[in-house]
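# What the coordinates show
Read off the chains here:
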Amino acid sequence: QVQLVESGGGLVEAGGSLRLSCAASGSIFSINAMAWYRQAPGKQRELVATITSSGITAYPFSAKGRFTISRDNAKNTVDLQMNSLKPEDTAVYYCNVHVTSDDKYTFLEVWGQGTLVTVSS
């Protein structure tokens, strides 16, 4: 089994910063793309940032310029540095990874349990 453990969420004032971390563990042979998603109340889940296995990043929405995604392939972790947080950033943040299990045959999409980020005005 593969699991993701997310940490770093919490309550922060507008303009503040948080760093989310997601650690993958278990029967992992390799990890391909990694990403952070978020889901705010009343909204659909949206992609915040992605990072490929080669380290290429993408920020589909307004997070670019404020958020930075990074990964450590040796540690199987992906982080999301969030700066200049706004109240509209309030959401449950989920990490998502695509992995090949250590059986070398099973491909899995794994979601973290989510970590709540609350940005106060």
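Just so it is clear, the model here is predicted, and its values are computed rather than measured.

A separate point is the packing of aromatic side chains. All told, the structure shown has two aromatic pairs when counted by the stated rule. The interplanar angle of 55 degrees and the centroid separation of 4.9 Å between the aromatic rings of tyrosine 37 and tryptophan 111 together place this pair among those described as tilted. Of this pair, tyrosine 37 sits in strand S4 (residues 28–39) while tryptophan 111 sits in strand S10 (residues 107–111), placing them 74 residues apart in sequence. Given a relative accessible area of 17%, tyrosine 37 falls into the buried group. Consider the rings of tyrosine 94 and tryptophan 111, whose centres lie 6.5 Å apart with planes at 85 degrees: the pair is edge-to-face. With tyrosine 94 in strand S9 (residues 91–101) and tryptophan 111 in strand S10, this residue pair connects regions lying 17 residues apart in the sequence.

Below, the discussion takes up the sheet that holds strand S8 (residues 77–82). Here we have four strands laid out as an open sheet, ordered S1-S3-S8-S7, and antiparallel in their pairing. The open sheet has two edge strands, strand S1 (2–7) and strand S7 (67–72), and neither has a second partner. Neighbour-to-neighbour, the strand axes of the sheet open up by a mean angle of 15 degrees, direction not taken into account.

Moving on to the pairing of strand S5 (residues 46–51). Taken together, the five bridges between S4 and S5 define a ladder with antiparallel strand orientation. Residue pairing in the sheet places tyrosine 37 in a bridge with leucine 47 of S5. Following S4, the chain reverses through six residues before pairing antiparallel with S5; glycine 42 in that reversal takes a positive phi of roughly 75 degrees. Here S5 runs beside strand S6 (residues 57–58); their pairing, made up of two bridges, is antiparallel. Bridging across to S6, threonine 50 finds its partner in alanine 58. If you look at the hairpin formed by S5 and S6, you'll find five residues sitting between the two strands, and glycine 55 has a positive phi there, around 95 degrees.

Right, let's get into the state of the cysteines. Throughout the structure, instances matching the rule amount to one disulfide. At a sulfur-sulfur separation of 2.0 Å, the disulfide partner of cysteine 22 is cysteine 95. Linking cysteine 22 and cysteine 95, the disulfide has an S-S dihedral of approximately 45 degrees and is accordingly described as right-handed. Pair noted here: cysteine 22 is in strand S3 (residues 18–26) and cysteine 95 is in strand S9, with a separation of 73 residues, a long-range link. Each member of the pair, cysteine 22 as well as cysteine 95, carries the same accessibility label: buried.

Cut-offs and rules
In this numbering scheme, every chain counts its residues from 1 along its sequence in written order. Under the rules for a predicted model, residues below a pLDDT of 70 receive no local features and side-chain atom pairs below 80 are neither given nor counted, while totals for whole chains, interfaces and linings still include all residues. Side-chain measures were taken over the full set of non-hydrogen atoms in the model, leaving aside hydrogen atoms and water. Between the rings of Phe, Tyr and Trp (Trp by its six-membered ring), a pair exists once the centres lie within 6.5 Å; its type follows the angle of the planes, with under 30 degrees stacked, over 60 edge-to-face, and the other angles tilted. Helix and strand labels come from DSSP, where a helix needs a run of H or I of at least four residues and a strand needs a run of E of at least two; each type is numbered from the N terminus. Buried residues are those whose accessible area, probed at 1.4 Å on protein chains only, stays under 20% of the maximum for their type, while exposed residues exceed 50% and partly exposed ones sit between those limits. Here, strands pair whenever DSSP counts at least two bridges between them. Every axis corresponds to a line fitted to the C-alpha atoms, with the helix fit spanning only the stretch in contact, and the corresponding angles, defined between N-to-C directions, vary from 0 to 180 degrees. Here, the term disulfide refers to a pair of cysteine sulfur atoms separated by no more than 2.5 Å.

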